[in-house]
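Read off the chains here:
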Amino acid sequence: MHRPAGEIIARGQLDGQLSIQGLVDPISTWELKVRNLGAKRLLTISKPDPAPQDVMRFFDETPHPAVMEDSGSRLLQGSRALRERLVEVDRKFGTDYSKDDADRLYLTEGVSGALSFTLSLFSGSDVLIQRPGWGTVYTMARVVGCNPVPCDLFEGGVFNPEKADSAVTKRTKAVFMNMPSNPEGMILPDGEVRKFAEYCVDRKLHVVSDEVYKYLRYVGRNYSPLNAPGASENVTVVSSMSKVYGEKAKPGYARLSPALLREAGRDRIADAFGKMNQTPSPESQSSLLNAIEHHEDLAFMYRIVDGYFHKTSFMADYLEGLGCTVPYRPNAGYFVFARAPEGMDGASFVERMAGERGVGMLPGVCFGGGDRRYDDYFRVSLGDGVTYRELDKLLGDALPDTKVAGAIVKPDLTGKTVFNGVKLERGRKDVTITSSSMIHPKNVGWVVKQGITDIISLEPMQAGTKTALASRGVKTYDFPVRDDTDVVFGESDVRSLVGLVKGILEKNQKGSILIHCEHCNNRTPEAIRVLTRELGRK
């Protein structure tokens, strides 16, 4: 028999607890507690770094004519012009919407509104919740009449059907997943998302996919469960642009699946939507449409996301220096989810950091859904404009001396992906380490123009490409890794890769090392992370 969600949440109750309609919200409660303990800087809330002023100015423009023209429809789904534009943007970021999906989209007050509205359509049933996950989901589900059931759907980046089977009952109607995930910043391999989607389709379970962090991926494109063959019929997607533009981007949205639209019926959906009063104002819809139309490709996000990558890498190093463990290095978002030092649970570590350093964090009880395994964990949020200088001041001299001179972000050959890397200063040497793909004989000139002197390939490179590169003085090195989609470098891999790069650095006074892998976007960022961490040490 499943434990009621109220009991799960109750383990996080504290003096001065905060609630949603009488149910304790663990995240708000712990934010209040760390403030009371002396935290002056809250690294708790899921607030992004600010977008550039030249982007945000579009939120203050005059109302968009298209929104005003169709504002009469806003009482239900919201502006059609905005819905169509959101579908276009999300398709570019990897969610395979069809053109008809604009008709299935409902605009809401934030992603929380989208999720509450969607969950209300499963009132009276069990809903499986991905664990670890955002603790407020349990509260929201309970408020709208669902029984949230925490479940370890994914372990080590692998879908676990046995765990799902053990949690599913006759009352289970839906499964909630959040990917890229909060708190881990995890990205699942495409194949595992397909397995999960196929599992739900086979058992006629609705999927509620929270994809609010898909715009903040360090690597590749988003693979939504909606993309899996035959799954679009069962998958409802909730999202928002608030992690891109911040609080001014108020509208969230829910793309209701065709199966849910049929099952719930238009009248019930309209009734549920009206009772929750979730429709965003015409002004907020107009502001978001203005911003998207001027920055539809979200190119300004490249530098912001690159900053998240570096901040989470540095924070992970700092925490490991304090004796913490970081089981998963983030691939998206601005969080680090870590295990407290041996002999200390997550809550005690959070209380200590608040009292001694004035830094607010959140303990694992906010994300574990009642599972005591997560009591030893805590989450750090590195958005909200926090800078390296501020982190250094807050955390003291324990921050590692990384010698990172700056980030490099520019379009690669395809014009679609990002040319990422770090610039490392080592003595008098100035060597850039970057990553890209699509290296072949026809673009060797581009390689030379970029100042690239050495290429380390994480998969076999074509002989003709090697010959063409050699003719222009570019050296190539083979460093093959496993064929999995989601590669994590083992200890021997790290030692070998670092040794190879150090050997190149000994020979080169300046230049650029390129980490190359044409067919797997997860490998090159992992190599960059390893090199940033290891070469930045004293």
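Residues numbered from 1 in each chain as written. Predicted model: local features only at pLDDT ≥ 70, side-chain atom pairs only at ≥ 80, totals over all residues. Heavy atoms only, no water.

What follows is about the environment of Asp60. Checked against the element boundaries, Asp60 lands in the loop between α3 (53–56) and α4 (65–69). You can call Asp60 exposed: its relative accessible area is 57%. (Helix = DSSP H or I, 4+ residues; strand = E, 2+ residues; numbered from the N terminus. Buried < 20%, exposed > 50% of the residue type's maximum accessible area, 1.4 Å probe, protein only.)

To continue, consider the packing of helix α5 (residues 80–92) against helix α13 (residues 282–294). For the pair α5 and α13, the least separation of the axes is 10 Å and the interaxial angle reads 40°. On the basis of the axis angle, α5 is oblique to α13. Crossing handedness for the pair α5 and α13: left-handed. On α13, the residues touching Ala81, Leu82, Arg85, Leu86 and Val89 of α5 are Gln285, Leu288, Leu289, Ile292 and Glu293. Residues that form the contact of α5 with α13 fall into these classes: seven nonpolar, one polar and two charged. (Axes fitted to C-alpha atoms, helices over the stretch in contact; angles between N-to-C directions. Parallel < 35°, antiparallel > 145°, perpendicular 65-115°, else oblique. Left-handed = near helix turned anticlockwise from the far one by under 90°. Contact = heavy atoms within 4.5 Å. Nonpolar A, V, L, I, M, F, W, Y, C, P; charged D, E, K, R; others polar.)

As summarised here, the arrangement of the seven strands in space is β4-β12-β11-β10-β9-β5-β6, forming an open sheet in which the pairing is mixed. With partners counted over all chains shown, the strands left at the sheet margins are β4 (105–109) and β6 (147–151), one partner each. With direction set aside, neighbouring strand axes in the sheet form an average angle of 25°. When strand β11 (residues 235–240) meets strand β12 (residues 251–255), the two strands line up antiparallel, connected through four bridges. (Pairing = 2+ DSSP bridges.)

The strand order β13-β16-β15 describes an open sheet built from three strands, whose pairing is antiparallel. The outermost strands of the open sheet, each flanked by one partner alone, are β13 (335–339) and β15 (362–363). Pairing of β13 with strand β16 (residues 377–381) involves five bridges; the strand directions are antiparallel. Across the sheet, Phe337 pairs through a bridge with Arg379, a residue of β16. Sitting on the sheet, helix α14 (residues 301–321) touches β13 and β16, and the angle it makes with β13 is about 15°.

When we look at burial in helix α2 (residues 26–36), the residues that qualify are Pro26, Ile27, Thr29, Trp30, Glu31 and Val34. The positive-phi residue at the C-terminal boundary of α2 is Gly38, with phi of around 115°.

Counting buried positions along β12 gives five out of five residues, so the element sits mostly inside the fold. Here β12 shows no split at all, with Pro251, Tyr253 and Arg255 on one side and Gly252 and Ala254 on the other all buried. One ladder, built from five bridges, connects β4 with β12; its direction is antiparallel. Within β12, the residue paired with Leu107 across the bridge is Tyr253.

Once that is clear, we can look at the pattern of salt bridges. Evaluated as defined, the whole model comprises 30 salt bridges. With a shortest N-O distance of 3.6 Å, Arg85 and Glu88 are connected by a salt bridge. A residue pair is termed a helical-turn pair when its members lie 3 or 4 positions apart in one helix, as Arg85 and Glu88 do in helix α5 at three residues. Under the relative-accessibility criterion, Glu88 is labelled partly exposed at 36%. Each member of the salt-bridge network shares a partner with another, and the members are Arg131, Asp152, Glu155, Lys163, Asp371 and Arg373. (Salt bridge = Lys/Arg side-chain N within 4 Å of Asp/Glu carboxyl O.)

What follows concerns the packing of aromatic side chains. Summed over all chains, the structure comprises 20 aromatic pairs. The interplanar angle of 85° and the centroid separation of 4.9 Å between the aromatic rings of Phe117 and Phe273 together place this pair among those described as edge-to-face. Remark: Phe273 occurs in helix α12 (residues 266–276) and Phe117 occurs in helix α6 (residues 110–120); sequence separation between them is 156 residues. Each ring, one from Tyr245 and one from Phe300, has its centre 5.7 Å from the other, and the planes form 40°; the classification is tilted. In this pair, Tyr245 sits in helix α10 (residues 242–245) while Phe300 sits in the loop between α13 and α14, placing the two residues 55 residues apart along the sequence. What makes Phe300 buried here is its relative accessible area of 14%. Through pairs of rings, three or more aromatic residues link up here, namely Phe154, Phe159, Phe196 and Tyr199. (Phe/Tyr/Trp six-rings, centres within 6.5 Å; stacked < 30°, edge-to-face > 60°.)

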